[in-house]
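Structural description and commentary
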Amino acid sequence: MQLVRSFSFCVVKFLLQAMEDRLIGGLDLAVGLRVSNGNKLRSAAQVNAPGNIVALISCLNRIRHENSALQTHLGLRFFDSGNDQVLYFAKSTFDGSNIILVAISLDPHRPQEAHLEIPYDLLPPLNDTTATRRGEPQMHGENQMHVEELLRGQSLVWRGARQHWYFDPDELPLAIWRVIPPDNTHAHEVDAQWGYGI
C-alpha cells in the first residue's frame, strides 16, 4: 500500500510539474510578456487570448499560498472517484485545520463524471462531550460536509457517502474544495446534489 501511495504521489508531482513547465514556463507577469519554448516574445494580448491559462495558473497559485495544506508534501491521501479518468485526492495539515480536496479529469477530450467518496474521516473530532460521555460516535451533521469550491467560489453542503461531479474539458477539468470545519459553517450554502465544472 505504501508503494502505491509513493508511486501515486510521484505521478501527481510529475503531472503538476510537467503542466507548469509546459504551460507557464517563462511566464513573466511583471512585464506582461510570455517567452515560449522557442524564446519568442508574445504580446500581452496573446497571453490573454482565449485558451490561455494564465488566469487559471494565477488562481491556483493564490489557492496554494492561502492554504497551508498545499505548502507541504505531507498529508496526501487518495480516494475513490468511481472513474479511472478522474484523479481524486486530499491534502491536509497534521492537525486537520486545513483540508483541501482536489479532483482532476485526466481526459482532455471528453466530459467525465465522478462519484467522489466523501472522506468524513479527515474531519477533526467534534467537541461534543455529551456524546463522548454516552459512548456514542461523534457524527458530523448527519454525515454532511461543508465545502467551498475555490475555483468557482461556491459554498456547498455534501451529504451521504458520495458526491457527484461533472467535468467539462472545454470549461474547467478540475475542482478544488476547501473543507469548512463544522464549527465555521454559515449561511450562503447551496445544497449540492450535482456539481458542474462550468
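Residues numbered from 1 in each chain as written. Predicted model: local features only at pLDDT ≥ 70, side-chain atom pairs only at ≥ 80, totals over all residues. Heavy atoms only, no water.

1. Points about the packing of aromatic side chains
Applicable threshold: Each pair of aromatic rings taken from Phe, Tyr and Trp, with Trp reduced to its six-membered ring, is defined by centres within 6.5 Å and is described as stacked if the planes are under 30 degrees apart, edge-to-face if over 60, and tilted in the remaining cases. Secondary structure follows DSSP: runs of H or I at least 4 residues long count as helices, runs of E at least 2 residues long count as strands, and numbering of each begins at the N terminus. Relative accessibility under 20% of the residue-type maximum defines a buried residue, over 50% an exposed one, and the middle range a partly exposed one, all with a 1.4 Å probe and only protein chains included.
All chains considered together, the criterion is met by 4 aromatic pairs. Here the aromatic rings of Phe78 and Phe89 are separated by 5.8 Å at their centres, their planes lie at 50°, and the arrangement is tilted. Remark: Phe89 occurs in strand E5 (residues 86-92) and Phe78 occurs in strand E4 (residues 76-78); sequence separation between them is 11 residues. Given the relative accessible area of 27%, Phe78 is considered partly exposed. Cluster of aromatic residues (ring-pair linked, three or more members): Trp158, Trp165 and Trp177.

2. Quick word on the pairing of strand E7 (residues 112-117)
Convention followed: For two strands to be treated as a pair, DSSP must find no fewer than two bridges joining them.
Alternating residues of E7 divide into Gln112, Ala114 and Leu116, all buried, and Glu113, His115 and Glu117, none buried. Here E7 pairs with strand E10 (residues 162-167) via 6 bridges, running antiparallel. Of the residues in E10, the one forming a bridge with Gln112 is Phe167.

3. A closer look at the nonpolar core
Here is the rule: Put simply, a nonpolar core is a bunch of buried Ala, Val, Leu, Ile, Met, Phe, Trp, Tyr and Cys residues held in one set by side-chain atoms that sit within 4.5 Å of each other.
In terms of nonpolar packing, the biggest core is built from 22 residues, with Tyr88, Leu101, Met145, Trp158 and Trp177 touching the most fellow members. Sorting the residues of this core by element identifies E5, strand E6 (99-105), E7, strand E8 (144-149), strand E9 (154-159), E10 and strand E11 (174-180) as the ones contributing at least two each. One finds Leu60, Phe89, Leu151 and Leu172 within the second-largest nonpolar core, a separate group that totals 14 residues.

4. Remarks on the pairing of E11
Of all 7 residues in E11, 6 are buried, a share of seventy percent or more. Sheet topology note: the E6/E11 ladder contains 5 bridges and is antiparallel. Across the sheet, residue Ala103 finds its bridge partner in E11, namely Ala175. In this structure, E8 lies alongside E11, joined through 4 bridges in antiparallel fashion. Note that in E11 the partner of Glu148 across the bridge is Arg178.

5. Structural notes on the pattern of salt bridges
Our working rule: What makes a salt bridge here is a side-chain nitrogen of Lys or Arg within 4 Å of a carboxyl oxygen of Asp or Glu, nothing more.
Following the criterion strictly, the structure yields 6 salt bridges and no others. For Glu149, the salt bridge identified is with Arg152, shortest N-O distance 3.0 Å. No difference in accessibility class separates Glu149 from Arg152, as the two residues are buried.

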